[in-house]
Amino acid sequence: MAKKKILFINQEIAPYVPDSAMAHMGQVLPQTMQEKGHEIRTFMPKWGNINERRGQLHEVQRLSGMNLIIDDTDHPLIIKVASIPSAHISIYFIDNDDYFIKGQMSTEEMIEGYEENGERAIFFARGVLETVKKLRWAPDIIHCQGWMSAIVPIYIKTAYHDEPSFANTKVVTSLFAKSLKKNLEQTFKNSVEFRDATAEILKGYKDDFDFEELNKLAIDYSDGIIAAEEGISKDLLKYAADKNIPILDYVEDYADAYEAFYEKICPSEE
């Protein structure tokens, strides 16, 4: 199998946040794919409870400094990086005082949610994609894990579809059982607007964007769907199946299965 460039966009990565199935996979999966010879880049939000000194995070000046406009407001994009010595991988962190300094990434945060989760996810998605452009790196596969990355697929297929970095990129979305308990803000559809990602193309979705609707948005613009753990919504899996989107069912020993799924979604050139 030809080696691929794989961009992992993760909501949680151990050991930077409290341990969970998602955080564990966020660390182990990129490490495993790198050990298999694939070229990887890995991103996550710089949640407010991440200890920068202990985690040895430092700002990457050449990648920071851009302002992202969301809902007519400028938000500075700060990029930090750290390495996990035991995993031999580097993690890029998307940071912004407005969106992440108060985001503690705790169990309580996941249960209760914050008031600006929609804007937070939009900023994260655009921050990752703009940074990848600056890196002049063109991924073959983008693998999204967690609701924070759910905006990435629609941006790849609309707002960034003409960008050289993403012109041939395929998107894989992993579904998890962990959910948001609060709906996104009422302004979410308008906040998504950027280039060809218009509020008009979101008309078919409910005005109240809950966890299921957010996942449907991700599914609609993904090239493949993975059931990352047991207990995934049968309605969401049926939704993907009805759209004839390839699905990888839950497997406990996932490394080889995921690699084969990447090849199915993005076949190597002969």
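Provided above is the structure to which this section pertains.
If you're wondering where the values come from, they're calculated on a predicted model, not measured in any experiment.

About the cut-offs
Residues numbered from 1 in each chain as written. Predicted model: local features only at pLDDT ≥ 70, side-chain atom pairs only at ≥ 80, totals over all residues. Heavy atoms only, no water. Axes fitted to C-alpha atoms, helices over the stretch in contact; angles between N-to-C directions. Helix = DSSP H or I, 4+ residues; strand = E, 2+ residues; numbered from the N terminus. Parallel < 35°, antiparallel > 145°, perpendicular 65-115°, else oblique. Left-handed = near helix turned anticlockwise from the far one by under 90°. Contact = heavy atoms within 4.5 Å. Salt bridge = Lys/Arg side-chain N within 4 Å of Asp/Glu carboxyl O. Buried < 20%, exposed > 50% of the residue type's maximum accessible area, 1.4 Å probe, protein only. Pairing = 2+ DSSP bridges. Nonpolar A, V, L, I, M, F, W, Y, C, P; charged D, E, K, R; others polar. 1 Å grid on protein atoms, 1.4 Å probe; cavity = no way out; pocket = protein on both sides within 12 Å on 5 of 7 lines; lining within 4 Å. Points joined across faces, edges and corners; volume = space filled by probe spheres on them.

Two elements in contact, helix H8 (residues 211-220) and helix H9 (residues 234-242), have axes whose closest approach is 10 Å; the angle formed by their N-to-C orientations is 25 degrees. Between H8 and H9, the crossing angle belongs to the class labelled roughly parallel. The two elements H8 and H9 meet at a crossing, and its hand is right-handed. Residue-level inspection shows Glu212, Asn215, Lys216, Ile219 and Asp220 of H8 in contact with H9, the latter providing Leu236, Tyr239 and Ala240.

The next thing to look at is the pattern of salt bridges. As enumerated under the stated definition, the model contains 17 salt bridges in all. Across the pair lysine 133 and glutamate 163 runs a salt bridge, and its minimum N-O distance is 3.2 Å. One end of the pair, lysine 133, is in helix H5 (residues 117-135); the other, glutamate 163, is in the loop between helix H6 (152-157) and strand S9 (170-175), and 30 residues separate them in sequence. When its relative accessible area of 22% is taken as the criterion, lysine 133 is described as partly exposed. One salt bridge connects lysine 189 with aspartate 207, and the closest N-O pair in it is separated by 3.1 Å. Taken together, the positions of lysine 189 in helix H7 (residues 188-192) and aspartate 207 in the loop between H7 and H8 put the pair 18 residues apart, joining distant regions of the chain. Take aspartate 207: its relative accessible area is 55%, and that puts it in the exposed class.

So, about the pairing of strand S2 (residues 39-45). A regular strand places its side chains so that they alternate between the two faces of the sheet. For S2, the buried fraction is high: five of the seven residues fall into the buried class. Relative to S2, strand S1 (residues 5-10) runs parallel, the two sharing five bridges. By the bridge assignment, isoleucine 9 is partnered in S2 with phenylalanine 43. In this sheet, strand S7 (residues 89-95) lies alongside S2 in parallel orientation, the contact comprising three bridges. Bridge pairing in S7 places methionine 44 opposite phenylalanine 93.

What follows covers the packing of helix H1 (residues 21-35) against helix H10 (residues 255-265). Contact pair H1 / H10: the axes reach a minimum separation of 11 Å and the direction vectors enclose 65 degrees. As summarised for this structure, H1 and H10 are arranged roughly perpendicular, according to the angle between their axes. Relative to H10, H1 is oriented so that their crossing is right-handed. Contacts from Met25, Leu29, Thr32 and Met33 of H1 reach H10 at Ala255, Tyr258, Glu259 and Tyr262. Its residues placed into classes, the contact of H1 with H10 shows six nonpolar, one polar and one charged.

What follows deals with empty space enclosed by the protein. In the structure shown here, the tally under the stated rule is one cavity of 30 Å³ or more. Put simply, the largest cavity is a space of about 100 Å³. Looking at the largest cavity, it is lined by 16 residues, and the ones nearest its centre are Gln145, Gly146, Trp147, Ser174 and Asn215. Within the residue set of the lining of the largest cavity, elements represented by two or more residues are strand S8 (141-145), S9 and H8. For the lining of the largest cavity, the per-class residue count stands at eight nonpolar, seven polar and one charged.

Before going further, it helps to spend a moment on the sheet that holds S1. Within the open sheet, the nine strands sit side by side as S3-S6-S7-S2-S1-S8-S9-S10-S11. Their pairing is mixed. Pairing within the sheet leaves two strands with one partner each, and these edge strands are strand S3 (58-59) and strand S11 (247-248). Relative to strand S10 (residues 224-227), S9 runs parallel, the two sharing four bridges. Directly across from valine 172, in S10, lies its bridge partner glycine 224.

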